[in-house]
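Structural overview
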Amino acid sequence: MKILAFAASNSKKSINKSLVQSALNQLNNSTATTIDINDFEMPIYGEDLEQAHGVPDAAKRFVEAIAEVDALIISLAEHNGSYTVAFKNILDWCSRLDRNIFQNKEILLLATSPGPGGASNVLKFAVNSMPFFGGEVIGEFSLPSFYDNFNAEKMTITDVALDDKFKTALSIIDR
């Protein structure tokens, strides 16, 4: 299976990027390509901008990257209970091309945060909203208290029970 993986965060120090990398390190049956959403930076969506300039090429490239794979792994950062502005803006622009941004691909959703909530609010939101954009959510995993439960040097989850849940979620997509 060909997988596209990314953190839905524009932070260079994103803990969600670390979680994505940990997931990719454990894939056995799939090949993965990673992207950085910073490579798809666009002006904040606005109807006037779209009418004046059309949809940016970056939105087209993002949709094309999804078209080239069988499935996605997306790790969501949570800003005020929802998507980061950077990721939401990508969705807004891409949806102007076609609302079916995720092209009926399977998606494994991950999320983490420094706190005990593990970005569970954005994860719930994404589970409910991804199908609207043509995504088939086949699994989800939330890692709470990232700095207490993740070894950044080894890129592994240190809590055994959480690591088991992580591996179970990965097994759904790595086939």
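Residues numbered from 1 in each chain as written. Predicted model: local features only at pLDDT ≥ 70, side-chain atom pairs only at ≥ 80, totals over all residues. Heavy atoms only, no water.

What about the overall build of the protein?
A tally of regular secondary structure across the protein gives seven helices and seven strands. Tracing the protein from N to C terminus, the helices and strands come up as β-α-β-α-α-β-α-β-α-β-α-β-β-α. Its C-alpha atoms give the protein a radius of gyration of 16 Å, near enough to 16 Å, the size a compact globule of 175 residues would have. The C-alpha extent of the protein, read off along each of the three principal axes, is 55 × 35 × 25 Å. A total of 175 residues make up the protein; the buried ones form 49% of that total. The contacts in the protein between residues at least 6 apart in sequence include a share of 77% that link residues at least 24 apart. About 8,600 Å² of surface is accessible on the protein, with carbon and sulfur atoms providing 48% of the total. (Helix = DSSP H or I, 4+ residues; strand = E, 2+ residues; numbered from the N terminus. Rg over C-alpha atoms; globule rule 2.2 N^0.38 Å. Buried < 20%, exposed > 50% of the residue type's maximum accessible area, 1.4 Å probe, protein only. Contact = heavy atoms within 4.5 Å. Areas by Shrake-Rupley, 256 points an atom, 1.4 Å probe, with all protein chains shown as cover.)

Some details on the packing of aromatic side chains
The geometry of an aromatic ring pair comes down to the distance between the two centres and the angle between the two planes. Applying the stated criterion to the full structure yields 10 aromatic pairs. Geometrically, the ring pair formed by tyrosine 45 and tryptophan 93 is edge-to-face, given 4.8 Å between the ring centres and 80° between the ring planes. Residue tyrosine 45 is found in the loop between β2 (31-34) and α2 (47-53), and its partner tryptophan 93 is found in helix α4 (residues 85-95); the two are separated by 48 residues along the sequence. In this structure tyrosine 45 comes out as partly exposed when scored by relative accessible area, which is 24%. Residue classification places tryptophan 93 among the buried positions, given a relative accessible area of 1%. (Phe/Tyr/Trp six-rings, centres within 6.5 Å; stacked < 30°, edge-to-face > 60°.)

Points about the environment of arginine 99
Here arginine 99 lies in the loop between α4 and β4 (105-112). Sequence-wise, arginine 99 and glycine 134 are 35 residues apart; in three dimensions their C-alpha atoms are separated by 7.4 Å. Here arginine 99 is in contact with Phe132, Phe133 and Gly134, once residues within four sequence places are set aside. Separated by 3.1 Å, the side chain of arginine 99 and the backbone oxygen of phenylalanine 132 make a polar contact. (Polar contact = N/O pair within 3.5 Å; in protein donor to acceptor, adjacent residues only side chain to side chain.)

Section: the pattern of salt bridges
Evaluated as defined, the whole model comprises six salt bridges. Between aspartate 92 and lysine 88 there is a salt bridge, with the nearest N and O atoms lying 2.6 Å from each other. With a gap of four residues between them, aspartate 92 and lysine 88 both fall in helix α4, about one helical turn apart. The partner of aspartate 163 in a salt bridge is lysine 167, and the shortest N-O contact between them spans 3.0 Å. Linking aspartate 163 with lysine 167, this pair stays in helix α7 (residues 160-173), spanning four residues, or about one helical turn. (Salt bridge = Lys/Arg side-chain N within 4 Å of Asp/Glu carboxyl O.)

As for helix α3 (residues 57-67)
Along α3, the positions that sit buried rather than exposed are Ala58, Ala59, Phe62, Val63, Ala65 and Ile66. Down the axis of α3, the smallest arc covering the buried residues is 155°, so these residues share one side. Buried residues along α3 sit against β1 (2-7), β3 (71-76), α4 and β4. (Arc of directions from axis to C-beta.)

Quick notes on the sheet that holds β2
Taken together, the five strands give an open sheet; going across it, the order is β2-β1-β3-β4-β5, and neighbouring strands pair in parallel fashion. Unpaired on one side and paired on the other, β2 and β5 (135-143) mark the two borders of the sheet. Between one strand axis and the next, the sheet turns by 20° as a mean value, whatever way the strands run. Of the pairings in the sheet, the one linking β1 to β3 comprises five bridges and is parallel in character. Pairing of phenylalanine 6 across the sheet is with isoleucine 74, part of β3. Across the sheet, helix α1 (residues 15-25) touches β1, β2, β3, β4 and β5, and the angle it forms with β4 is around 125°. Set on the sheet, α3 makes contact with β1, β3 and β4; between it and β1 the angle comes to about 140°. (Pairing = 2+ DSSP bridges. Axes fitted to C-alpha atoms, helices over the stretch in contact; angles between N-to-C directions.)

Some words on unusual backbone geometry
Phi angles above zero are rare outside glycine, and glutamine 103 is one such case at about 50°. With respect to the helices and strands, the residue glutamine 103 is situated in the loop between α4 and β4.

Considerations on α7
With 14 residues, α7 extends 21 Å from end C-alpha to end C-alpha; this agrees with the ideal 20 Å at 1.5 Å per step. By the N-cap criterion, in which a side-chain oxygen at the helix start approaches the backbone nitrogen of a residue two or three places on, α7 is capped by aspartate 159, the distance to alanine 161 being 3.1 Å. (Expected span 1.5 Å × (residues − 1).)

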